[in-house]
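# Tertiary structure, described
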Amino acid sequence: MGIKRIILLVIVALAICSDVRATEYATKGLERLASCVGLDGLASLPPGIHYIYAYRGRKLSVRVNEWNEVEHIGLLLFPEELRRQYPLPIYDFLERYLLARNAFPDDSDEQFRMDWDKVHFAHGDARTALSLDTMTSFSESHVGLRVYKVSWTDGDRKLLEMSFQMDYQLLTGCNALELESMLFRKLRRGLPKGTKLPQTNVSADGTEHTKYGKTFISPMIRNDLFYTRMDKDDPWTLVADTARMVKTISNIMIAPESDHDMKMRVKLDKYGLRTDTATVDYKVWRQLCIEEGCVPYFGLKSKIDGVYRCSVFMVNETGGYLHLLSIDVPESAIMMPEWKLALARIYCYIPLYNVSDNVLNPTEFEPVK
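Residues numbered from 1 in each chain as written. Predicted model: local features only at pLDDT ≥ 70, side-chain atom pairs only at ≥ 80, totals over all residues. Heavy atoms only, no water.

### Some thoughts on the layout of surface pockets
Here the largest pocket defines a volume of roughly 1400 Å³. Every residue lining the largest pocket is counted, 43 residues in all, and those nearest its centre are Arg63, Glu71, Asp92, Lys186 and Glu291. If you list the elements that add at least two residues to the lining of the largest pocket, you get strand 2 (48–50), strand 4 (58–64), strand 5 (69–75), helix 3 (80–85), helix 4 (90–103), helix 6 (168–172), helix 7 (176–189) and helix 9 (282–292). With five residues, the single largest contributor to the lining of the largest pocket is helix 7. Here the lining of the largest pocket is composed, by residue class, of 20 nonpolar, nine polar and 14 charged. Put simply, the second largest pocket is a space of about 610 Å³. Taken together, 25 residues line the second largest pocket, and the ones lying closest to its centre are Arg32, Arg113, Asp117, Gly173 and Cys174. Listed by contribution, the elements that provide at least two residues to the lining of the second largest pocket are helix 2 (28–37), helix 4, helix 5 (109–115) and helix 6. (1 Å grid on protein atoms, 1.4 Å probe; cavity = no way out; pocket = protein on both sides within 12 Å on 5 of 7 lines; lining within 4 Å. Points joined across faces, edges and corners; volume = space filled by probe spheres on them. Helix = DSSP H or I, 4+ residues; strand = E, 2+ residues; numbered from the N terminus. Nonpolar A, V, L, I, M, F, W, Y, C, P; charged D, E, K, R; others polar.)

Encoded structure:
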């Protein structure tokens, strides 16, 4: 075979390989589950939700995100309408966990790990899930930030009842290191295409308005929003001026509609004493947290030489965790975001059932004025 023919064959082979996308998974656990269940052709699936696969005659739900990652595989147990109206992190967990309990061999490492999960079957077992579908009546309740209790019923007859700890590592099937890696990957990607921030919606008299929110661990850590307008007939806008810098910073940190271009150089304190850094738009961080189901709270620690030392608590009460962002905001990062960065440190996915007072330290905050 001539050298020219060999080169041509290599070029053709490379061209073919470039058109074939290897299947990407959002987590290692999903990759193992897909292999166990024998799901083929996932690489050809476009972004969206797919119901073309089955396990033991039971329809599966497979979801692919816009980055062509398989981010969910599980028994189809919940209608999309329920997910939209009452978003909770347990839907993916239950669909995935109950599939895994049925699919992995009894002597597998996966079954061994799941035996240690704090998941209790009060009525029925994992096999019962194979007889359930989206039409089966489902109910859930949760106690504080501690535990979930769920059940499926047929009229007055209870089919399956489970309880499990509100532990985000359990709910996602990821350990702390994988959760951190996923979060930073999302930060670097930025907001999904077509993301639109909500519009200001205020109904009040006068020209100054405070939309009072809630507090977290201290009266000084709040999520109030501050609005202003020149005249009573003008539209309301978020306070954003140098004369009221603290309220301006608070709005940027927690207002979902804030479109300020402040950027931050963020350092991630990782488990295992490892670190990672990235420069991102602050609104990307805020929006990703809100889409996770977090409620933001702002606390001011101090102002030193024109730098505002602040903390932002992103609290997920249905996931049982919080993200803590400790951030130093120079005034120039607000007035000239294209030239100056805020500097931040993230402590992410802190479990709320055993959070330390040393991490939160609510006594060091000042009132927002």
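### Topic: the side chain of His72
Tracing the sequence through the fold places His72 in strand 5. A relative accessible area of 1% places His72 in the buried class. Here Glu95 takes part through its side chain, which lies 2.7 Å from a polar atom of the side chain of His72. The residues contacting His72, other than those within four sequence positions of it, are Leu30, Ser61, Val62, Arg63, Arg83, Asp92, Glu95 and Arg96. (Buried < 20%, exposed > 50% of the residue type's maximum accessible area, 1.4 Å probe, protein only. Polar contact = N/O pair within 3.5 Å; in protein donor to acceptor, adjacent residues only side chain to side chain. Contact = heavy atoms within 4.5 Å.)

### Some thoughts on the side chain of Lys301
With respect to the helices, strands and loops of the structure, Lys301 is situated in strand 15 (residues 295–304). Exposure remark for Lys301: the relative accessible area of 13% places this residue in the buried category. A polar atom in the side chain of Lys301 sits 3.4 Å from the side chain of Ser311. Those residues in contact with Lys301 that sit more than four places away from it in its chain are Arg309, Cys310, Ser311, Ser326, Glu364, Phe365 and Glu366.

### Digging into the confidence of the model for the protein chain
When pLDDT is averaged along the protein chain, the result is 89, and 90% of the positions lie at 70 or above. When mean pLDDT is taken per element in the protein chain, helix 4 scores highest with 98 and helix 1 (residues 3–19) scores lowest with 42. Low pLDDT, under 50, characterises residues 6–22; the stretch is placed with six contacts to residues that sit more than four places away or in other chains. (pLDDT = per-residue confidence, 0-100.)

### Brief notes about the sheet that holds strand 11 (residues 225–228)
Sheet architecture is open: three strands sit in the order 10-11-12, paired in antiparallel fashion. This sheet does not close on itself; its edge strands, each paired only once, are strand 10 (208–211) and strand 12 (237–238). Looking at chain direction, strand 11 and strand 12 are connected through two bridges and run antiparallel. In the sheet register, Tyr227 faces strand 12, and the bridge partner there is Leu238. Packing of helix 8 (residues 245–254) onto the sheet brings it into contact with strand 11 and strand 12, and relative to strand 11 it is tilted by some 115 degrees. (Pairing = 2+ DSSP bridges. Axes fitted to C-alpha atoms, helices over the stretch in contact; angles between N-to-C directions.)

### Topic: the nonpolar core
With 93 residues, the main nonpolar core has Trp152, Tyr282 and Ile327 as its most contacted residues. For this core, the leading source of residues is helix 4, giving nine residues. Those residues within four positions of Ile327 in sequence are excluded, and the remaining contacts are Met253, Met262, Met264, Tyr282, Tyr308, Arg309, Cys310, Ala342, Leu343 and Ala344. Of all hydrophobic cores here, the second largest spans ten residues; its members include Phe216, Val315, Leu322 and Ile350. (Core = buried A, V, L, I, M, F, W, Y, C linked by side-chain atoms within 4.5 Å.)

### Brief notes about the packing of aromatic side chains
Counted according to the given criterion, the structure contains 13 aromatic pairs. Measuring from ring centre to ring centre gives 4.8 Å for Phe78 and Phe138, while their planes differ by 75 degrees; the resulting arrangement is edge-to-face. Here Phe78 is found in the loop between strand 5 and helix 3, whereas its partner Phe138 is found in strand 7 (residues 137–143), with 60 residues between them in sequence. Accessibility classification places Phe78 together with Phe138 in one group, the buried group. Among the aromatic residues, those joined into a cluster by ring pairs are Phe78, Tyr91, Phe138 and Trp152. (Phe/Tyr/Trp six-rings, centres within 6.5 Å; stacked < 30°, edge-to-face > 60°.)

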